[in-house]
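Chain by chain, the residues run as shown.
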Amino acid sequence: MPRLTIATTATAVPMGAQAYERHIVARAAKALQALSGPDESWQVRHAVARSLRSPLPGTIRLPMGWLGHASPRARAAAGRLTYAGRGLVHRMNLELPPAPREVVTLHDVVAWRYSDESAPVAAAAEELRRAAAVVCVSAYTASEAVELLGVADPVVVPNGVEDRFFSAKALEPNALAALGIEGRFVLTAGGASERKNLPALAAAWPLVRAARPDVALVLAGPPHPRRTELFGSLPGVRLVGRVPDDILPRLYAAAAVVVVPSLVEGFGLPALEGMAAGVPVVASDRSSLPEVVGDGGLLVEPTGAALAEGVLDVLGGGSDVEAMARRGQERSRAFTWEASAEGHARVWCAVGG
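Residues numbered from 1 in each chain as written. Predicted model: local features only at pLDDT ≥ 70, side-chain atom pairs only at ≥ 80, totals over all residues. Heavy atoms only, no water.

An unreviewed UniProt entry lists the protein under the name D-inositol 3-phosphate glycosyltransferase, with Terrabacter tumescens as the source organism.

Below, the structure is given as structure tokens:
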């Protein structure tokens, strides 16, 4: 019986990468069964690593701090011990030690490109080159893996979007008021690192506000001093912090526009979520965003002037904007977690358990 172990790390504050892990783990066995047929049944296990003193739930304890700086040889030795008898391993976090036979997920290469991101694991590039297969979530990330890290033949398997975004009803006015939001608003959701290009959005907002003083800008995401410094004094801006997961789709659905100004996205889930919610999306024409958005949103240069012009065009409404939103929602239906799991299963079967 072929065996697959999906290895992840315990995280106190789940983000997009953890949503990816959750969806693929939940669908792995079914996807493998569909491809393998009744004569071959895979044994699928989920290994959750945590640090030696972590209170988080998990199945393995590892010296995570040491692993991040350990030599390739030491990490390989730790991997042989960690995954002994576990068959094919799909390692979904680069901090984990490598397995003797493994598939590795690469969400992006921002750790190598931007100094304000977490530093890359020292041995990660070498380990990626040695993996039996590397799964990238977009063609853009795959091209970066080849050019920057020397990975040969990465496999592109896009992420999915959760069904609840398609059926989300807009938050009621009283719920929005509890977040400090009144009237129409433009929404941007995500982090505040350099690659998110928030200075360009901050430059765009006074131009939008001057033309549309009735519209607010809402920024959702974990508190960050850069976001506060850029937007704290601008008129019509609401910093709502990290929005509860059960409310997020309804916040998207209530927005007049979703704007994604990023310079680099490994995939671009906020744009896809906005499209799925049926909201017009204005996104940067950089990195993976064009391949996710396609003709389902308005792609603009990631400058303050271009972002402002794009947002104002969409706020103006009209049949063209309505048609774009419909295209966006229809396009987003192709990005399912079932399709993503099937793509992963094809990689697992090709490598063999």
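A word on the overall build of the protein. In terms of helices and strands, the protein carries 15 helices and 13 strands. In terms of overall dimensions, the protein is globule-like: its C-alpha atoms have a radius of gyration of 21 Å, near the 20 Å expected for 353 residues. Based on the C-alpha atoms only, the size of the protein along its principal axes is roughly 65 × 45 × 40 Å. Out of the 353 residues in the protein, the part that is buried amounts to 52%. (Helix = DSSP H or I, 4+ residues; strand = E, 2+ residues; numbered from the N terminus. Rg over C-alpha atoms; globule rule 2.2 N^0.38 Å. Buried < 20%, exposed > 50% of the residue type's maximum accessible area, 1.4 Å probe, protein only.)

Where helix H1 (residues 16–36) meets helix H15 (residues 337–351), the axes come as close as 7 Å, and the angle between the chain directions of the two elements is 60°. If you check the angle between H1 and H15, you find them oblique. As H1 packs across H15, the resulting crossing turns out to be right-handed. Listed contacts from H15 to Tyr-20, His-23, Ile-24, Arg-27, Ala-28, Ala-31, Leu-32, Leu-35 and Ser-36 of H1 are Trp-337, Glu-338, Ser-340, Ala-341, Glu-342, His-344, Ala-345, Arg-346, Trp-348 and Cys-349. Across the contact of H1 with H15, the residue classes tally to eleven nonpolar, four polar and four charged. (Axes fitted to C-alpha atoms, helices over the stretch in contact; angles between N-to-C directions. Parallel < 35°, antiparallel > 145°, perpendicular 65-115°, else oblique. Left-handed = near helix turned anticlockwise from the far one by under 90°. Contact = heavy atoms within 4.5 Å. Nonpolar A, V, L, I, M, F, W, Y, C, P; charged D, E, K, R; others polar.)

Turning to the side chain of Thr-141, a few remarks are in order. Along the polypeptide, Thr-141 turns up in helix H6 (residues 139–149). Within the local environment of Thr-141, its side chain forms a polar contact with the backbone oxygen of His-107, the two atoms lying 3.2 Å apart. For Thr-141, the contacting residues outside a window of four places in its chain are Leu-106, His-107, Asp-108, Cys-136 and Gly-266. (Polar contact = N/O pair within 3.5 Å; in protein donor to acceptor, adjacent residues only side chain to side chain.)

On to the environment of Ser-332, then. Locating Ser-332 in the fold gives a position in helix H14 (residues 319–332). Once the C-alpha coordinates of Ser-332 and Arg-22 are considered, the two residues, 310 residues apart in sequence, prove to be 20 Å apart.

With that settled, consider the side chain of Ser-287. Looking at the secondary structure, you find Ser-287 in the loop between strand E12 (281–284) and helix H12 (289–293). For Ser-287, a relative accessible area of 18% translates into the label buried. At a separation of 3.0 Å, a polar atom in the side chain of Ser-287 contacts the main-chain amide nitrogen of Glu-265. Apart from residues lying up to four places away in sequence, Ser-287 is in contact with Tyr-140, Leu-263, Val-264 and Glu-265.

Along helix H3 (residues 72–82), the positions that sit buried rather than exposed are Arg-75, Ala-78, Gly-79 and Thr-82. In an axial view of H3, the angular spread of the buried residues amounts to 100°, which keeps them on one side of the axis. H3 presents Arg-73, Arg-80 and Leu-81 as exposed residues on the side facing more than 90 degrees away from its buried surface. On its buried face, H3 is in contact with strand E3 (60–62), helix H2 (64–69), strand E4 (88–91) and helix H5 (124–130). (Arc of directions from axis to C-beta.)

Let's shift gears to the packing of aromatic side chains. The tally for this structure, following the rule as stated, stands at three aromatic pairs. Where Tyr-20 meets Trp-337, the ring centres are 6.4 Å apart and the plane angle is 50°; that geometry is what we call tilted. Of this pair, Tyr-20 sits in helix H1 while Trp-337 sits in helix H15, and the two are 317 residues apart along the sequence. Neither residue differs from the other here; Tyr-20 and Trp-337 are each classed as buried. Judged by centre distance (5.7 Å) and plane angle (75°), the rings of Phe-165 and Tyr-252 are edge-to-face. Here Tyr-252 lies in helix H10 (residues 248–254) and Phe-165 lies in the loop between strand E7 (155–156) and helix H7 (173–178), a separation of 87 residues in the sequence. For Tyr-252, a relative accessible area of 2% translates into the label buried. (Phe/Tyr/Trp six-rings, centres within 6.5 Å; stacked < 30°, edge-to-face > 60°.)

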